[in-house]
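Below are the chains, spelled out letter by letter.
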Amino acid sequence: MNDQSYWEEARPRATEDLAFGSSEVAPLGRVSVIAGGVTLGRSLTGPDSIDLPYLRVANVQDGFIDTSEIKTVRILRTELGRYRLRKGDVLMTEGGDFDKLGRGAVWDGSIDPCLHQNHIFRVRCDLSMLLPEYLAMYSASPVGRRFFLSLSKQTTNLASINLTQLKAFPVPLPPLQVQRRIVAVLASTDEAIRSTEQLIAKLERAQQGIVHDLLACGIDEAASGMAETFRLMERHFWEPAHGLYANDADAQWRLSGYRGQNANMHAVEALLAAYRSG
């Protein structure tokens, strides 16, 4: 099946999945340059070759590039321009486990020069039409995942896509300012998720501390201390006008006006700990 055939098959499904409004929908190959990477395992020696760092499939995670372990590969010096990554390139995996299919992230240029192996596609966006961050987020969306899975070659627990299929990936193209807004909204959502995960971890640590206090001090002694803490919270931190606890206060109990993700974190910690120990 050629590029046009994949595009004709994929576009109707994509437009059914999302309400694009007046946005144009184009195959990825029309708004970017896509290329595979360097093949590993070649035996190259001599002054015409050079050893350089490269990204493996294991480095390309869902939404970020993990550079904690970078290996090197030997290529011909004349191949550097072909395989060298640029800041802003979107890296997408060819396949592997189902959860790895089509996952991608934007390269930040933190290592230069740096190459990519042949099981990773490099997508270089036409920046007049498509933002790399927008593409990475859209390809990771349920619509993107469905596209890749529907066209992939599948074996037991494994799946893969080829260059022709990736070029046919239908991408909605709202104006660049809209793409920027979408990226900003999703980035703030990711940050809220990370903050919530940190809060859960902190609550779990607090719960362990409460258990220790109960065992060390006894339930009656610990309960009286928590009751006094709750009275202090109600007296000094509770703001009925907002229906929220304040985040902090100075020595004279003057409250700050801060409102954000952490504003009620400590109150939640205390109340959950008290509930679980009751």
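On a predicted model such as this, the values are computed, not experimentally measured, just so you know. (Residues numbered from 1 in each chain as written. Predicted model: local features only at pLDDT ≥ 70, side-chain atom pairs only at ≥ 80, totals over all residues. Heavy atoms only, no water.)

A. Spatial organisation of the nonpolar core. Counting residues in hydrophobic clusters, the biggest one holds 25 residues, and the most contacted among them are Leu28, Val123, Leu130, Leu135, Leu166, Phe169 and Val171. Mapped onto this core, the elements with two or more residues apiece are strand 5 (90-93), strand 9 (120-125), helix 3 (132-139), helix 4 (142-151), strand 12 (170-173) and helix 6 (176-217). Per-element accounting of this core gives the leading share, four residues, to helix 3. When near neighbours in sequence (up to four residues on either side) are disregarded, Val123 contacts Leu28, Ser32, Val33, Ile34, Asp89, Val90, Met92, Leu135 and Leu166. Judged by nonpolar contacts, the second largest core, of ten residues, contains Val57, Val60, Leu91 and Ala105. (Core = buried A, V, L, I, M, F, W, Y, C linked by side-chain atoms within 4.5 Å. Buried < 20%, exposed > 50% of the residue type's maximum accessible area, 1.4 Å probe, protein only. Helix = DSSP H or I, 4+ residues; strand = E, 2+ residues; numbered from the N terminus. Contact = heavy atoms within 4.5 Å.)

B. Geometry of the sheet that holds strand 9. With respect to topology, four strands assemble into an open sheet ordered 2-9-5-7, the strand pairing being antiparallel. The outermost strands of the open sheet, each flanked by one partner alone, are strand 2 (32-35) and strand 7 (104-106). Strand after strand, the sheet turns through a mean of 20° between neighbouring axes, direction not considered. In the sheet, strand 2 pairs with strand 9 via four bridges, with the strands oriented antiparallel. Within strand 9, the residue paired with Val33 across the bridge is Arg124. (Pairing = 2+ DSSP bridges. Axes fitted to C-alpha atoms, helices over the stretch in contact; angles between N-to-C directions.)

C. Looking closely at a nonpolar patch on the surface. A grouping of Ile182, Val185 and Leu186 is seen on the molecular surface, where their side chains present a nonpolar patch of about 220 Å² in accessible area. Counting through the fold element by element, Ile182 comes out in helix 6. Overall, the relative accessible area of 31% leaves Ile182 in the partly exposed class. (Patch = residues over 30% accessible without salt bridge, like charges linked within 9 Å, V, L, I, M, F, W, Y side chains within 5 Å. Areas by Shrake-Rupley, 256 points an atom, 1.4 Å probe, with all protein chains shown as cover. Salt bridge = Lys/Arg side-chain N within 4 Å of Asp/Glu carboxyl O.)

D. The packing of aromatic side chains, seen in detail. The tally for this structure, following the rule as stated, stands at three aromatic pairs. With a centroid separation of 6.4 Å and an interplanar angle of 15°, the aromatic rings of Tyr134 and Tyr138 are classed as stacked. One end of the pair is Tyr134 and the other is Tyr138, both in helix 3 and four residues apart, which spans about a single turn. Residue Tyr134 is classed as buried on the basis of its relative accessible area, which comes to 6%. Plain terms: the ring middles of Phe147 and Phe169 are 5.0 Å apart, the flat faces sit at 35° to each other, and that makes the pair tilted. Placement of Phe147 in helix 4 and of Phe169 in the loop between helix 5 (163-167) and strand 12 is noted, with a sequence separation of 22 residues between them. In this structure Phe169 comes out as buried when scored by relative accessible area, which is 1%. Taken together, the ring pairs connect Tyr134, Tyr138, Phe147 and Phe169 into an aromatic cluster. (Phe/Tyr/Trp six-rings, centres within 6.5 Å; stacked < 30°, edge-to-face > 60°.)

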